[in-house]
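Close look at the chain arrangement
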Amino acid sequence: MPELRKDPIIGRWVIISTERNMRPNEFKKNDNFLLNEKIECPFCEGNEHMTPPEILSYRPGGGEPNKKGWILRVIPNKFPALIIEGELNRRGEGMFDKMNGIGAHEVIIETTSHTDTWSTMELKTLENIIWACRDRILDLKKDKRFKYIMIFKNHGFSAGASLSHTHTQLIALPIIPKIVTEEMEGSKIYFSYKERCIYCDIIKQEIEENKRVITQNDDFIAISPYAPRFPFETWIIPKNHNNCFENSQKHEIENLSMILKKFMVKIDKLLKHPSYNLVIHNSPFNEDLGEMYHWHIEYMPSLTKVAGFEWGTGFYINSVSPEGAAKRLKNI
């Protein structure tokens with residue numbers, strides 16, 4: 001069974017999950033998914049027997065679960081970082097703290113197409129992915145063992161993907177990640193001083209200055225953040241205050257799919273289909289953050305490596321200014 005272990009100095013939790021070593025890796029020497037030969041892909045239609053039974057599927061024409069006829073499937077990860085069966089059993093080991101590695105680890109197989117990406121797929125397909133994320137959060141929130149759900153996408157070998165067939169992952173956690181706690185604390189401090197949401201103020205200032213805005217629509221804005229850690233790091237933020245992604249309305253989900261599509265087309269044209277990580281930062285369960293916190297998406301292309309200085313200091317060296325990145329992307 002996986003374990004969650006707590007660093008006693010800074011309070012960071014680590015997952016020890018040795019079973020993850022058994023994952024298949026489609027990528028060998030070439031990082032570009034477009035150049036990798038297609039293997040017998042467990043995510044392709046017709047290979048449903050190669051995956052665990054589906055948790056959710058969208059089937060416009062009906063049909064049996066775990067058979068052909070789907071346009072999107074959600075399955076348990078075959079090599080999960082955390083497992084859903086069991087109790088947390090929080091306990092000590094001398095001065096150290098640990099618990100059983102209980103959680104949920106799911107894969108959203110976004111389309112039957114093996115070669116589609118977010119920049120090439122139909123807009124409705126991208127919208128379905130967002131609806132599936134929302135559906136799974138609302139279901140997993142019912143489990144009292146879980147405090148947070150992390151939704152993320154690893155695209156390309158250097159970003160951590162092991163299969164090229166486009167997919168998103170979801171991990172439900174029994175603890176709140178340290179980076180999310182830091183974001184919440186910073187947002188609370190700002191709110192206690194100004195009685196305003198810091199993200200709402202960022203949006204207002206970025207629109208007024210228009211130096212780091214990449215694109216926007218009625219409900220969302222894509223910006224190069226003022227202090228990005230990585231070249232072309234981008235935040236996509238709802239314009240109207242909302243602390244929970246799963247509270248998004250139909251028109252917001254439609255506009256989110258539109259801005260994601262437009263942004264991904266720009267990125268792929270400018271950076272030639274980079275590997276990337278994309279993460280949804282959302283409110284934890286049972287936290288009444290109200291006007292203090294604002295859910296958002298963070299996108300980070302894998303253009304540089306984190307090295308000794310970054311690991312040792314927590315500082316990041318970025319060779320591309322956010323203003324320059326935004327200008328180049330806006331002009332695509």
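Residues numbered from 1 in each chain as written. Predicted model: local features only at pLDDT ≥ 70, side-chain atom pairs only at ≥ 80, totals over all residues. Heavy atoms only, no water.

1. Some points on the confidence of the model for the chain
A low pLDDT means the predicted coordinates there should not be read in detail. We count it as follows: Scored from 0 to 100, pLDDT reflects the predictor's confidence in each residue. Contacts between residues were defined by any pair of non-hydrogen atoms, one from each residue, lying within 4.5 Å.
Overall, the predicted model of the chain reaches an average pLDDT of 92, with 94% of residues at or above 70. pLDDT under 50 marks residues 33-37. Its contacts with residues more than four places away, or in other chains, come to 12 contacts.

2. As for the packing of helix H4 (residues 250-271) against helix H6 (residues 322-330)
What counts, and what does not: Axis definition: a line fit to C-alpha positions, over the contact stretch in the case of helices; interaxial angles, taken between N-to-C directions, run 0 to 180 degrees. Where helices and strands are cited, they refer to DSSP runs of H or I of at least four residues and of E of at least two residues respectively, numbered from the N terminus. Relative orientations are named as follows: roughly parallel for angles under 35 degrees, roughly antiparallel for angles over 145 degrees, roughly perpendicular for angles from 65 to 115 degrees, and oblique for any other angle. Gly counts as polar in this scheme, as do all residues outside two lists: the nonpolar Ala, Val, Leu, Ile, Met, Phe, Trp, Tyr, Cys and Pro, and the charged Asp, Glu, Lys and Arg.
Running from N to C, H4 and H6 cross one another at 100°; their axes reach a closest spacing of 9 Å. For the element pair H4 / H6, the angle class is roughly perpendicular. Here Phe-263, Lys-266, Ile-267 and Leu-270 of H4 come into contact with H6, specifically with Arg-328, Leu-329 and Lys-330. Of the residues contributing to the contact of H4 with H6, the split by class is four nonpolar, no polar and three charged.

3. Remarks on helix H3 (residues 198-209)
Selection criterion: Here, expected helix span is obtained from the residue count minus one, scaled by 1.5 Å. Residue burial is assigned from relative accessible area. The probe radius is 1.4 Å, only protein chains are included, and a residue is buried under 20% of its type maximum, exposed over 50%, and partly exposed in between.
Relative to the 16 Å expected for 12 residues at 1.5 Å per residue, H3 spans 16 Å between its end C-alpha atoms, a close match to the ideal helical length. Buried within H3 are the following residues: Tyr-199, Asp-201, Ile-203 and Glu-206. On its buried face, H3 sits against helix H2 (178-194), strand S10 (213-216), strand S11 (220-223), strand S12 (234-238) and strand S14 (296-301). Just downstream of H3 lies Asn-210, where phi reads positive at about 55°.

4. Side note on the environment of Tyr-316
Relative to the assigned elements, Tyr-316 resides in the loop between helix H5 (308-313) and H6. A relative accessible area of 37% places Tyr-316 in the partly exposed class. Taking the C-alpha atoms as reference points, Tyr-316 and Pro-177, separated by 139 residues in sequence, lie 20 Å from one another. Those residues within four positions of Tyr-316 in sequence are excluded, and the remaining contacts are Arg-229, Phe-230, Val-306 and Glu-310.

5. Description of the sheet that holds strand S9 (residues 167-173)
Our working rule: Note on pairing: DSSP must find at least two bridges between two strands before they are called paired.
Taken in spatial order, the 10 strands line up as S3-S4-S7-S9-S8-S13-S14-S12-S11-S10 in an open sheet, and their pairing is antiparallel. The open sheet has two edge strands, strand S3 (56-58) and S10, and neither has a second partner. Sheet twist, expressed as the mean angle between neighbouring strand axes with direction ignored, is 20°. Here strand S8 (residues 148-155) runs beside S9; their pairing, made up of five bridges, is antiparallel. The partner of Ile-151 across the bridge, within S9, is Leu-170.

6. As for the nonpolar core
One broad trend across soluble globular proteins is that nonpolar side chains are buried collectively. As a reminder, the rule being used: Residue types Ala, Val, Leu, Ile, Met, Phe, Trp, Tyr and Cys, when buried and joined through side-chain atoms within 4.5 Å, form a set referred to as a nonpolar core.
Residues Trp-118, Ile-236, Leu-256 and Leu-260 are the most contacted members of the largest nonpolar core, which totals 71 residues. Residue contributions to this core peak at nine residues, all from H4. One finds Trp-70, Ile-75, Val-107 and Ile-109 within the second-largest nonpolar core, a separate group that totals eight residues.

7. Side note on the pairing of S11
Burial along S11 is two-sided: Phe-220 and Ala-222 and Ile-221 and Ile-223, pointing in opposite directions, are all buried. Sheet topology note: the S10/S11 ladder contains three bridges and is antiparallel. Across the sheet, Gln-216 pairs through a bridge with Ile-221, a residue of S11. In textbook terms, the turn of a hairpin is the stretch between consecutive antiparallel strands, and for S10 and S11 this stretch comprises three residues. Of the pairings in the sheet, the one linking S11 to S12 comprises four bridges and is antiparallel in character. Of the residues in S12, the one forming a bridge with Ile-223 is Trp-235.

8. Things to note about the packing of helix H1 (residues 123-140) against H4
What counts, and what does not: Should the near helix be turned counterclockwise from the far one by less than a right angle, the crossing is left-handed, whereas a clockwise turn marks it as right-handed.
Relative orientation of the contacting elements H1 and H4 amounts to 125°, with a least axis distance of 9 Å. If you check the angle between H1 and H4, you find them oblique. Considering the relative orientation of H1 and H4, their crossing is right-handed. Each of Leu-123, Leu-126, Glu-127, Ile-130, Trp-131 and Arg-134 in H1 lies in contact with H4, whose residues at this interface are Lys-250, Ile-253, Glu-254, Leu-256, Ser-257, Met-258, Leu-260 and Lys-261. Considered class by class, the residues forming the contact of H1 with H4 number eight nonpolar, one polar and five charged.

9. Some remarks on the pattern of salt bridges
Rules: When a carboxyl oxygen of Asp or Glu lies within 4 Å of a side-chain nitrogen of Lys or Arg, that pair is called a salt bridge.
Tallied over the entire structure, the rule returns 24 salt bridges. Salt bridges sharing partners connect three or more residues here, namely Glu-3, Arg-5, Arg-91, Glu-93 and Lys-98.

10. Focus: the packing of aromatic side chains
The cut-off we apply is this: Centres within 6.5 Å are what make two rings of Phe, Tyr or Trp a pair, Trp counting through its six-membered ring; a difference in plane orientation under 30 degrees is then read as stacked, over 60 as edge-to-face, and the rest as tilted.
Across all of its chains, the model carries seven aromatic pairs by this definition. Measuring from ring centre to ring centre gives 5.0 Å for Phe-263 and Tyr-299, while their planes differ by 85°; the resulting arrangement is edge-to-face. Linking Phe-263 in helix H4 with Tyr-299 in strand S14, this pair joins segments that are 36 residues apart in sequence. Pair check on accessibility: Phe-263 and Tyr-299 agree, each one buried.

11. Quick look at the sheet that holds strand S1 (residues 3-6)
Pairing within the open sheet is antiparallel, and its four strands lie in the order S2-S1-S6-S5. Looking at which strands have only one partner, the edges of the open sheet turn out to be strand S2 (13-16) and strand S5 (91-93). Adjacent strand axes in the sheet meet at a mean angle of 35° when their direction is disregarded. Bridge count for S1 against S2 is four bridges, and the pairing is antiparallel. Bridging across to S2, Arg-5 finds its partner in Val-14.

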